[in-house]
Amino acid sequence: MKYKVKSWRVYQMNFFRVKEKYNNMSLPVKAALWYTLCNVINKGIALVSTPIFTRILTEEQYGTFAIFQSWFSILIIFTSLNVFQGGYQKGLILYKKDEMNFTSSQLGLTTIITAIWFIIYILKIDFWTNVFELPINLMLAMFIELLFIPALELWSSQQIFNYKYKKYVFLTIAMSVFSLGGGVIAVLYSSEKLEARVYTDVLSKALFAGALFILIFKSGKCFFSRQYWKFALLFNLPLIPHYLSTFILNQSDRVMIGRMVGNSQAAYYSVAYTISTMMILITGAINNSLTPYIYRALEKNNEKSIKDATKPILILVAALCFITMAFSPEAIRIFGGEKYLEAIYVIPPIAASVFFIFLYTLFSNIEFYFQKTRFIALATGISAIVNLILNFIFIKIYGYYAAGYTTLVCYICLAVLHYIFYRKVLKAENIKNNVYDMKMICLMSFIVIIGMTVFAVTYRYIFIRYAILASILIITLIFRNKIKSLLLEFRKMKKNS
């Protein structure tokens, strides 16, 4: 009994310490914490729903829904020009005394552009149906989403910019729960399961975003402003190639698979891709913690500290890739079921891609710091073109499996291009030494590629795979003190940042 009381008291003391630390945080830090947590929760909800939908929907239906989402991701670039991204936050600084009018004018612009594209679609329905390979009812639902989502995005950007995290967190989580929870119920009790999934997703977003749509116009009372529309067009139109290139790298695989070899194969690829990229949540959080440290070190001309700090992080990210590759058969069974088991061979190359995504963000951090952003658009554009060409050639021959490997090749290409541009930036800024340990980067890249090959070959031989995992565990135990010191170094780095 005394032990239990003592444990409870220790728990209370720890709770109050954490609470005190939280209360002492600045508003920007609190906001960043809640935005990250909110993103993790939303992604987690979506992840939990994946095994439900893969079992309720047929492969064809699940693949069509994945393609629907991919087309939405590309069409919103044209219907909104992504005015709610960097350009909007820049505008909030320039026009801070007229924030609400500026915001409503941006929504007015996206509304007009969406209406124009809808008219273009209506005038040539047969042509666009062949292009999108989606029925008219789903396309009409998509245009409803395209109309209202900019209101949600503008409102969210405004909340984030002003550190008003409470309403943002509540609304986005509520919308996710409504969309996914309602989607599961609707699909279970509907005979038209694909339409039920699409309609509940669109309806949930339209309800929340529609309310914000009305609120923004009611508060801003400005639909058209020559000055604000001109600002948005001049800022965002040149960025469309970059946005499209990013889409091509992230989403085009599913669209091309659906068109070239069928929606069922797009479903297999989509499940594998979702599992493989779960790590991006973690690597993104690591990069968010690392970036302030890198910027402060560059400001103090302390490049050596960056090199020391990134070594353990590279090992950690590589380890995450190995874990994803090693347990992909088990992950597929959980999230997709036995019918998706053949997709296990797509996971190793996509998991390896996450490592190279992290690498290119390391190099691009230097480009961002020195404001050499034109290099970023160029690197993304080149990699996107390579992705399209490789997919067009190899998906026809090898099916959806090829898309995993073309994704890997393109992210390696992107990492190499960013390295070249990163070296140019260092030379332009008279920084003679490498900011990162390139020997370590090359070694870990080689190990990740070897690991990808080994696990892809041994999936059929469960005993060999588990023997490899046991060997890795034994090596980890032998070098546990070294690993612990690396983790402590990373923890110290985060504290200093």
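Residues numbered from 1 in each chain as written. Predicted model: local features only at pLDDT ≥ 70, side-chain atom pairs only at ≥ 80, totals over all residues. Heavy atoms only, no water.

Asker: Report on the overall build of the protein chain, specifying residues and quantitative values.
Answerer: The helix and strand inventory of the protein chain stands at 22 helices and 0 strands. Going through the 497 residues of the protein chain one by one, you find that 49% of them count as buried. Sequence-distant contacts, at least 24 apart, represent 82% of the contacts inside the protein chain between residues at least 6 apart. (Helix = DSSP H or I, 4+ residues; strand = E, 2+ residues; numbered from the N terminus. Buried < 20%, exposed > 50% of the residue type's maximum accessible area, 1.4 Å probe, protein only. Contact = heavy atoms within 4.5 Å.)

Asker: A description of a nonpolar patch on the surface should follow, citing residues and the corresponding values.
Answerer: On the surface, Ile385, Ile389, Phe392, Ile393, Phe394, Ile397 and Tyr398 cluster together to form a nonpolar patch covering roughly 710 Å² of accessible area. Among the secondary structure elements, tyrosine 398 is positioned in helix H18 (residues 374–398). (Patch = residues over 30% accessible without salt bridge, like charges linked within 9 Å, V, L, I, M, F, W, Y side chains within 5 Å. Areas by Shrake-Rupley, 256 points an atom, 1.4 Å probe, with all protein chains shown as cover. Salt bridge = Lys/Arg side-chain N within 4 Å of Asp/Glu carboxyl O.)

Asker: So what about the state of the cysteines? Which residues, and what values?
Answerer: As enumerated under the stated definition, the model contains 0 disulfides in all. Of all cysteine sulfurs in the structure, the one in cysteine 410 sits closest to cysteine 413, which takes part in no disulfide; the separation is 6.6 Å. (Disulfide = S-S within 2.5 Å.)

Asker: Describe the pattern of salt bridges, listing the residues and the values that go with them.
Answerer: Pairing between side chains of opposite charge can happen when their charged atoms approach one another. Tallied over the full model, the rule gives 3 salt bridges. When the shortest N-O distance is used, the salt bridge between lysine 205 and aspartate 201 registers 3.2 Å. Taken together, the positions of lysine 205 and aspartate 201, both in helix H9 (residues 193–220) and 4 residues apart, correspond to about one turn of that helix. Via salt bridges that share partners, Glu145, Asp201 and Lys205 belong to a single interconnected network.

Asker: Residues and numbers for the nonpolar core, please.
Answerer: Met142, Leu314, Met325, Phe355, Ile366 and Tyr436 are the most contacted members of the largest nonpolar core, which totals 144 residues. Ranked by the residues each element gives to this core, the list is headed by helix H17 (residues 347–369), at 13 residues. Once you skip the residues sitting within four places of it in the chain, methionine 142 turns out to touch Phe68, Trp71, Phe72, Leu75 and Leu134. (Core = buried A, V, L, I, M, F, W, Y, C linked by side-chain atoms within 4.5 Å.)

Asker: Quick rundown of the packing of aromatic side chains? Include the residues and the values.
Answerer: Counted according to the given criterion, the structure contains 34 aromatic pairs. For the pair tryptophan 128 and phenylalanine 132, a centre-to-centre distance of 5.7 Å together with 15° between the ring planes defines the contact as stacked. Here phenylalanine 132 and tryptophan 128 lie together in helix H6 (residues 125–132), a separation of 4 residues that amounts to about one turn. Residues tryptophan 128 and phenylalanine 132 agree in their burial class; the two are buried. Between phenylalanine 148 and phenylalanine 213, the aromatic rings sit 5.3 Å apart at their centres with planes inclined by 85°, giving edge-to-face as the arrangement. One end of the pair, phenylalanine 148, is in helix H7 (residues 136–161); the other, phenylalanine 213, is in helix H9, with 65 residues separating them in the sequence. A relative accessible area of 14% means that phenylalanine 213 is categorised as buried. (Phe/Tyr/Trp six-rings, centres within 6.5 Å; stacked < 30°, edge-to-face > 60°.)

Asker: Explain helix H19 (residues 401–428) to me, and be specific about the residues and the numbers.
Answerer: With 28 residues, H19 extends 41 Å from end C-alpha to end C-alpha; this agrees with the ideal 40 Å at 1.5 Å per step. Backbone geometry just after H19 places asparagine 430 at a positive phi near 60°. (Expected span 1.5 Å × (residues − 1).)

Asker: Explain empty space enclosed by the protein to me, and be specific about the residues and the numbers.
Answerer: As enumerated under the stated definition, the model contains 1 cavity of 30 Å³ or more in all. By volume, the largest cavity amounts to about 50 Å³. Lining the largest cavity are Thr64, Ile67, Trp71, Phe132, Glu133, Leu134, Val255, Gly258, Arg259 and Asn263. Those elements giving two or more residues to the lining of the largest cavity turn out to be helix H3 (59–80) and helix H12 (252–261). Its residues placed into classes, the lining of the largest cavity shows 5 nonpolar, 3 polar and 2 charged. (1 Å grid on protein atoms, 1.4 Å probe; cavity = no way out; pocket = protein on both sides within 12 Å on 5 of 7 lines; lining within 4 Å. Points joined across faces, edges and corners; volume = space filled by probe spheres on them. Nonpolar A, V, L, I, M, F, W, Y, C, P; charged D, E, K, R; others polar.)

Asker: Let's hear about the side chain of serine 364: which residues, and what values?
Answerer: Secondary-structure assignment places serine 364 in helix H17. Exposure remark for serine 364: the relative accessible area of 5% places this residue in the buried category. For serine 364, the side chain forms a polar contact with the main-chain oxygen of threonine 361, separated by 3.1 Å. (Polar contact = N/O pair within 3.5 Å; in protein donor to acceptor, adjacent residues only side chain to side chain.)

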